[in-house]
Amino acid sequence: METSLIRPSVLLNILKINLETSRIVMVRKVTYRPPGTEHNLLNEINLSLREKSFGLIFGRSGSGKTTLLQLLAGLSEPTSGSICIQKYDDSGNPIGLSEMLTSQRVGIVFQFPERYFLADTVLEEVTFGWPRQKADLLFKEQLAKNLQNALNLVGLTTISLDEDPQSLSGGFKRRLALAIQLVQTPDLLLLDEPLAGLDWKARADVVNLLKDLKKHHTILVVSHDLRELYPLVDRSWRMQMGGSLKEESLPV
Ligand SMILES: Nc1ncnc2c1ncn2[C@@H]1O[C@H](COP(=O)(O)OP(=O)(O)OP(=O)(O)O)[C@@H](O)[C@H]1O
Ligand SMILES: [Mg+2]
């Protein structure tokens, strides 16, 4: 006879699947000395950031903040140390071994990203570098879906995809730069000075956008604009001159 009761072993499996796991980006003892130079720019950097949280790195100009973002984005290699993602169960125990955080899993928006826009239309700008061969059709379909999601996420649905990126307002240019990175659905989103060079209205606009993005993404920001970003910040660090990082509350 059919029964609607779920067998205990099946129930256990369902519970296992639903158990909360979380992922943490871990930077362990990362040191960086540019090839052919005598001095370390970064010294034994340690940092960890839970998924869907917002980290902020602040500190004096020239202390090494952008250098660290470049390492996290895989644009240069640490001289020593590791950058990984580790999964944890809800009791805080690690699940399996940590995985390398590869450059494909990281999105980076540089300072003044609009300076690097190349295309004549928003669509070309977002799809720049997409595969052109027919064989990649499935992949392109996935990218197209991601593109729609990314445009929705950053609130760029009100503009035409035919528009010239350079004709957008300052705030909308930043939204576009974010959308380009979000298409790749990164595990970690890095932003270097996201508010720099914007007027007060666009700054407020970008702060609100980051507040929304934080619901779905793990974000690490380098900024001098501590007061405006303060409400979003879960963890913060000061980069000290000489390239050492220290966890510290924001001095606001
Ligand atoms: N490839 C390199 N070789 C040697 N020195 C470098 C290299 N890249 C950066 N530097 C130096 O490393 C230091 C840190 O630079 P970085 O751009 O990371 O600082 P920053 O904290 O981002 O500063 P800012 O707040 O002005 O953006 C600076 O003194 C810079 O001149
Ligand atoms: Mg910098």
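See the structure above.
About the criteria used
- The numbers attached to residues start from 1 for each chain and follow its sequence in the written order.
- Both sets of labels track the order of writing: A upward for chains, 1 upward for ligands.
- The model is predicted, so local features are restricted to residues of pLDDT at least 70 and side-chain atom pairs to those at 80 or more, both for listing and for counting; the totals for chains, interfaces and linings are taken over all residues.
- Labels follow the DSSP assignment, with helices taken as runs of H or I lasting at least four residues and strands as runs of E lasting at least two, numbered in each case from the N terminus.
- To sort residues by burial, count the other C-beta atoms lying within 10 Å of each one's C-beta; a count of 20 or more means buried, 12 or fewer means exposed, and anything in between means partly exposed. C-beta atoms are built from the backbone.
- It is the C-beta atoms, placed from the backbone, that decide contacts: two residues are in contact if theirs lie within 7 Å.
- Two strands make a pair as long as DSSP finds a minimum of two bridges between them.
- Note on geometry: axes are lines fitted to C-alpha atoms, helical ones only across the stretch in contact, with angles between N-to-C directions running from 0 to 180 degrees.
- Proximity of a residue to a molecule or strand is defined by its backbone-placed C-beta atom lying within 6 Å of that partner.
- Three categories are distinguished: nonpolar for Ala, Val, Leu, Ile, Met, Phe, Trp, Tyr, Cys and Pro, charged for Asp, Glu, Lys and Arg, and polar for the others, with Gly belonging to the last.
- Each angle receives one of four descriptions, namely roughly parallel if under 35 degrees, roughly antiparallel if over 145, roughly perpendicular if within 65 to 115, and oblique otherwise.
- Crossings are sorted by hand: turned counterclockwise from the far helix by less than a right angle, the near helix makes the crossing left-handed, and turned clockwise it makes it right-handed.
- Buried Ala, Val, Leu, Ile, Met, Phe, Trp, Tyr and Cys residues whose C-beta atoms connect them within 7 Å together make up a nonpolar core.
- In this scheme, a helix's expected span is set at 1.5 Å multiplied by one less than its residue total.
- The arc in question is the one spanned by the directions pointing from the helix axis to the C-beta atoms.

### Points about the overall build of the chain
Part 1 of the reasoning: Along its length, the chain carries seven helices and 10 strands.
Part 2 of the reasoning: C-alpha atoms of the chain, sized along the principal axes, occupy 70 × 45 × 40 Å.
Part 3 of the reasoning: Across the 252 residues that make up the chain, the buried fraction comes to 29%.
Part 4 of the reasoning: Long-range pairs, those at least 24 residues apart, make up 69% of the contacts in the chain with a sequence separation of at least 6.

### Overview of the sheet that holds strand β9 (residues 235–240)
Part 1 of the reasoning: Strands sit in the order β6-β7-β8-β3-β9-β10 across an open sheet of six strands; the sheet is mixed. What marks the edges here is a single partner per strand, and that holds for β6 (106–109) and β10 (244–247). On average, each strand axis in the sheet is tilted by 20 degrees relative to the strand beside it, whichever way the strands run.
Part 2 of the reasoning: In the sheet, strand β3 (residues 54–59) pairs with β9 via five bridges, with the strands oriented parallel. Along β9, the bridge assignment pairs phenylalanine 58 with arginine 238.

### Regarding the sheet that holds strand β5 (residues 94–100)
Part 1 of the reasoning: If you walk across this open sheet you meet the four strands as β2-β1-β4-β5, and the pairing is antiparallel. Two strands bound the open sheet, and with one partner strand each, they are β2 (42–50) and β5. Neighbour to neighbour, the strand axes of the sheet diverge by 15 degrees on average, direction disregarded.
Part 2 of the reasoning: With four bridges joining them, strand β4 (residues 80–88) and β5 adopt antiparallel strand pairing. Residue pairing across strands places isoleucine 85 opposite glutamate 99, the latter belonging to β5.

### Looking at the site of ligand 1
Part 1 of the reasoning: All residues adjacent to ligand 1 are Pro34, Thr37, Leu41, Ser61, Gly62, Ser63, Gly64, Lys65, Thr66, Thr67 and Met239.
Part 2 of the reasoning: Residue composition of the shell around ligand 1, by class: three nonpolar, seven polar and one charged.

### So, the packing of helix α5 (residues 170–182) against helix α6 (residues 200–213)
For any two helices packed against each other, one specifies the crossing angle of their axes together with the interaxial distance.
Part 1 of the reasoning: Packing of α5 against α6 brings their axes to within 8 Å, and their N-to-C directions diverge by 30 degrees. Between α5 and α6, the crossing angle belongs to the class labelled roughly parallel. As for the relative orientation of α5 and α6, their crossing is right-handed in sense. Along its contact with α5, which presents Gly170, Gly171, Arg174 and Arg175, the element α6 presents Ala202, Asp205, Val206 and Leu209.
Part 2 of the reasoning: Class assignment of the residues belonging to the contact of α5 with α6 gives a composition of three nonpolar, two polar and three charged.

### So, the pairing of β5
The two faces of the sheet receive side chains in turn, since in a regular strand these alternate between them.
Part 1 of the reasoning: Counting buried positions over the seven residues of β5 gives zero, only a small fraction of the element.
Part 2 of the reasoning: What sits between the antiparallel neighbours β4 and β5 is a turn of five residues, in which glycine 92 has the positive phi angle 85 degrees.

### With respect to the nonpolar core
Part 1 of the reasoning: Formed by 53 residues in total, the largest nonpolar core has its most connected members in Leu72, Ala179, Leu188, Leu190 and Ile219.
Part 2 of the reasoning: Top contributing element to this core by residue count: α5, with seven residues.
Part 3 of the reasoning: Every residue in contact with isoleucine 219, bar those within four places of it in the chain, is listed here: Phe54, Leu189, Leu191, Leu210, Leu213 and Lys214.

### Quick notes on the environment of valine 222
Part 1 of the reasoning: In this fold, valine 222 is placed in strand β8 (residues 219–222).
Part 2 of the reasoning: Classification of valine 222 by C-beta neighbours within 10 Å gives buried; the count is 21.
Part 3 of the reasoning: For valine 222 and leucine 189, which are 33 residues apart along the polypeptide, the C-alpha to C-alpha distance reads 11 Å.
Part 4 of the reasoning: Setting aside residues no more than four positions away along its own chain, valine 222 makes contact with Ile57, Lys65, Thr66, Leu69, Asp192 and Glu193.

### Quick word on α6
Part 1 of the reasoning: The end-to-end C-alpha distance of α6 is 20 Å, a good match for the 20 Å that 14 residues give at a rise of 1.5 Å each.
Part 2 of the reasoning: All of the buried residues in α6 are Arg203, Asp205, Val206, Leu210 and Leu213. Angular distribution of buried residues about the axis of α6 spans 160 degrees; they occupy a single face of the element. Away from its buried face, by an angle of more than 90 degrees, α6 presents the exposed residues Trp200, Lys201 and Asp212.
Part 3 of the reasoning: Of the surrounding elements, those touching the buried residues of α6 are α4 (137–153), α5, β8 and α7 (226–229).

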